[in-house]
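Chains, contacts and geometry: an overview
Spelled out, the chains give:
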Amino acid sequence: TLLEEEDLAPLFDGSRWAGTRLWGAAVRGIQYVSGHLPGTEVSLMDHGIKLPTKDDKVTMLELGCGLGVPAMIYHMLGGDVVLTDQIDILSQLEKNVDSNFP
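Below is a short write-up of the structure. (Residues numbered from 1 in each chain as written. Predicted model: local features only at pLDDT ≥ 70, side-chain atom pairs only at ≥ 80, totals over all residues. Heavy atoms only, no water.)

Counting secondary structure elements, the protein contains four helices and two strands. Its helices and strands in sequence order give the protein the pattern α-α-β-α-β-α, from N to C terminus. For the protein, buried positions account for 25% of its 102 residues. A fraction of 41% describes how many contacts in the protein between residues 6 or more apart in sequence connect residues 24 or more apart. Put simply, the protein shows about 6,900 Å² of open surface, and 59% of that area lies on carbon and sulfur atoms. (Helix = DSSP H or I, 4+ residues; strand = E, 2+ residues; numbered from the N terminus. Buried < 20%, exposed > 50% of the residue type's maximum accessible area, 1.4 Å probe, protein only. Contact = heavy atoms within 4.5 Å. Areas by Shrake-Rupley, 256 points an atom, 1.4 Å probe, with all protein chains shown as cover.)

Take a look at the structure:
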């Protein structure tokens, strides 16, 4: 996503830059939730957790979601999501959501 001028300012203010990148933990988290975490035999179903279906919605709460990638992928898998972050970062998140879910 191309950052607009008003979206660049938070990047250089304290720790807000952290919400502008996709972290490795986010990638691993969505691999776990989708049942595709490489290098492990453990699946969600082994722990009594199942992926959401149309009849059985499960809500993900993503705190400090930044770009919102894990929650958007989880939503694409059928789950409901709630995304939260600092107000200064929300403009980029809104653009990402609008671009992926027109």
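Right, let's talk about the environment of Leu61 for a bit. The residue Leu61 is located in strand β1 (residues 59-62) in this model. Overall, Leu61 belongs to the exposed group, its relative accessible area being 53%. Sequence-wise, Leu61 and Thr84 are 23 residues apart; in three dimensions their C-alpha atoms are separated by 7.9 Å. Ignoring any residue separated from it by four or fewer positions in sequence, one finds Leu61 in contact with Val82 and Thr84.

Moving on, we come to a nonpolar patch on the surface. A contiguous nonpolar patch, built from Leu61, Leu63 and Val82 and spanning about 300 Å² of accessible area, is present on the exposed surface. Among the structural elements, Leu63 can be located in the loop between β1 and α3 (69-76). Note on Leu63: relative accessible area 64%, which makes it exposed. (Patch = residues over 30% accessible without salt bridge, like charges linked within 9 Å, V, L, I, M, F, W, Y side chains within 5 Å. Salt bridge = Lys/Arg side-chain N within 4 Å of Asp/Glu carboxyl O.)

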